[in-house]
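An overview of the molecular structure
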Amino acid sequence: MRRRILAACACVVALLVLGIAPASANCGLRTGSRVALYGSFGDPDVFVWESRFRLESYQTGSFDIDQSLLPHARLASPGTRALVLACVPRYVHPKYRSTLDDAVLIKLLGGKYRGQTGWVMASDLRVMLGRL
Amino acid sequence: MFGPIALGIALAFAIQGSFQARAEIAATFDRETRIQQAQLTIEELLRLQIDQENSVRGYTITRDPFYAQEYQASAQQFEQKESTVRQALKDQGVDQALAGLDDYDRTQQSWRKNVAQPLLAHPDSVPADLEKRNKAYSDYENSIVDEMRGLVEQKSQQLIRDTLAQFNYTIIGRSAWLVLFALLAMLFNAFSSRARKQLDEERATTAILERAYISRVVPLPNCDVGSAYASADQALAVGGDLFDVYRLSESLALVLIADVSGKGVDAAVLTAFIKFTIRAIALRRREPGAILAEFNTAFAQTVDNPYLFVSMLVGVLDTEALVLRYASAGHDSAFVRRSSGVQQLAVTGPVLGVMEEPFGTQAVHLEPGDTIVLATDGLTEARDRRGKQLREKGAMELIERADPQPQRMCDELVARIRALGRNRMRDDLAIIAIRVREPEAPNA
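None of the values given here were measured: they were computed from a predicted structure. (Residues numbered from 1 in each chain as written. Chains lettered and ligands numbered in written order. Predicted model: local features only at pLDDT ≥ 70, side-chain atom pairs only at ≥ 80, totals over all residues.)

1. So, the interface of chain A and chain B
So the rule is basically this: It is the C-beta atoms, placed from the backbone, that decide contacts: two residues are in contact if theirs lie within 7 Å. Helical segments are the DSSP runs of H or I of at least four residues, strand segments are the runs of E of at least two, and each set is numbered from the N terminus. Residues were grouped as follows: Ala, Val, Leu, Ile, Met, Phe, Trp, Tyr, Cys and Pro as nonpolar; Asp, Glu, Lys and Arg as charged; and all remaining residues, including Gly, as polar.
At the junction of the two partners, chain A supplies 16 residues and chain B supplies 16 residues. Listed by contribution, the elements that provide at least two residues to the side of chain A that touches chain B are helix 3 (63–69) and strand 3 (73–76) of chain A. With three residues, the single largest contributor to the side of chain A that touches chain B is helix 3 of chain A. Residue composition of the side of chain A that touches chain B, grouped by class: eight nonpolar, three polar and five charged.

2. Details of the confidence of the model for chain A
Operational definition: pLDDT gives the predictor's per-residue confidence on a scale running from 0 to 100.
Scored by pLDDT, chain A has a mean of 82; 79% of the residues are at 70 or more. Under a pLDDT of 50 for its full length, residues 14–23 of chain A has, in the predicted model, seven contacts with residues more than four places off or in other chains.

3. Focus: helix 5 (residues 265–284) of chain B
Residue and element names in this part refer to chain B. Let me state the cut-off plainly: Helix span, expected: 1.5 Å multiplied by one less than the number of residues in the helix. Partly exposed residues are those whose C-beta has more than 12 but fewer than 20 other C-beta atoms within 10 Å; with 20 or more the residue is buried, with 12 or fewer it is exposed, and the C-beta atoms are placed from the backbone. By arc we mean the arc of the directions from the helix axis to the C-beta atoms, nothing more.
Between the first and last C-alpha of helix 5 there are 30 Å, a value that for 20 residues agrees with the 28 Å anticipated at 1.5 Å per step. Buried within helix 5 we find A267, A268, L270, T271, I274, I278 and A282. The buried side chains of helix 5 occupy one side of the element, clustering within an arc of 150 degrees when seen end-on. Helix 5 presents F276, L283 and R284 as exposed residues on the side facing more than 90 degrees away from its buried surface.

4. Concerning the environment of B:T170
All names here are of chain B. Here T170 is to be found in helix 4 (residues 130–213). Overall, the presence of 15 C-beta atoms within 10 Å leaves T170 in the partly exposed class. Not counting residues up to four positions away in its chain, the partners in contact with T170 are G17, Q20 and A21.

Structure (structure tokens):
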């Protein structure tokens, strides 16, 4: 029984390694990093999206599409702390930018939406150096 | 001459290139300044957009009309700046940025219509997702501005690259032209030096020949004789002017003046041939017309060059009877100065070396004090500073006013001709002046 439990744990670890670790291999942020949210373009608030597909649609779509997507986002205040859970490198190509950006899955550690998870762009995150 | 001209052209080219480069630099700076102004104005647009958003937020929180006025002022300034940026982008040909500006303007209008104006009209009815909508607008507009920044910066960099390329092209082109001019100048200088050396050598040879064959004036009874010979300036080729006074007997003297066409060694050698041939003929014949006729035949048989011909006056002066018998082969620079004025001696035949014609002989009876003045065409064809020739009339006036003493007369005529051309002799000039005196009584 104990052996089965160990095998199951090994499978979970293997899945995590195969599913997430390779995806974050080229990301600027490591899984488990502690970060703070801060909008990189003018407005420091940050949209936290339900899925990375909505994040992508928001960044690449027209303004009307963006408006229709708003019910699927939470608006986090600048400085909200979070934990990096996963990262998909070079996933988002914002409409008016020449470079690709990473999509990052975070868990909010503070603010109005504490405990909830969501997707943001890597450029909206600042790595925290000290303890949270 | 080409050297200074080439240098002048090269200098003019270099100066023109400097002015062109200066104009290009000025144009580049002007365009760069406009682009920088456009960049600054784009940043101002963004600031005005944020001012509008903050004004609306301030009004919804405080209801203070000041914020509403601030919003209106910012919106108005935004429109003005937007027009300025649009014009600048059009002028600089940044079409992609213009498309972004259109998008930016549409978004801004949408924000005013859907967010700002409803909030200003009903500040109590703030929609639940206002912050999100504001954030979405802000993100979108900031993205557009970021894109525009990049495009304008690209244009600026392209302008710098183009200007640098233009500079390089100009510098390389000018350098190539200057090198070409320098090579041409060097080539011409080498050619010119060689030609000048040849001319100097020829001139030296000719001068030696002239010194060898130039006549020395011999004293004649009852006569005072003067002569002068002036060479053309150094840069010009030496001609074939000749004079001779040669005693044929106790009372007779051969008087000769001739002008050989052409220049250089050939002409100088021909003068020697003329001098001694005429002397030899005159020793046998005393009739000037016959002397010319015989010489003409010898000349035609001796000289092959069809472009050489000679104008000549041969005279036999009887110093006792005071009579000059002469024949003139196309030589019209011959005069007699009398107390009544100066008289030109008529031509009696064509120039030598052209055709076989008989040459007439004329006799001129002289009075004591009369002066025979024989010259080459350096006298009558002398030009003043305006290029006008002296001609026979002017020569006769000069002779009439000149000193009566023959040698001084010759020197004075040469000096006047030199002064007429600003101390520059374009042609050789030979002059003989013979003044007759009262014949001395025969010794008892």
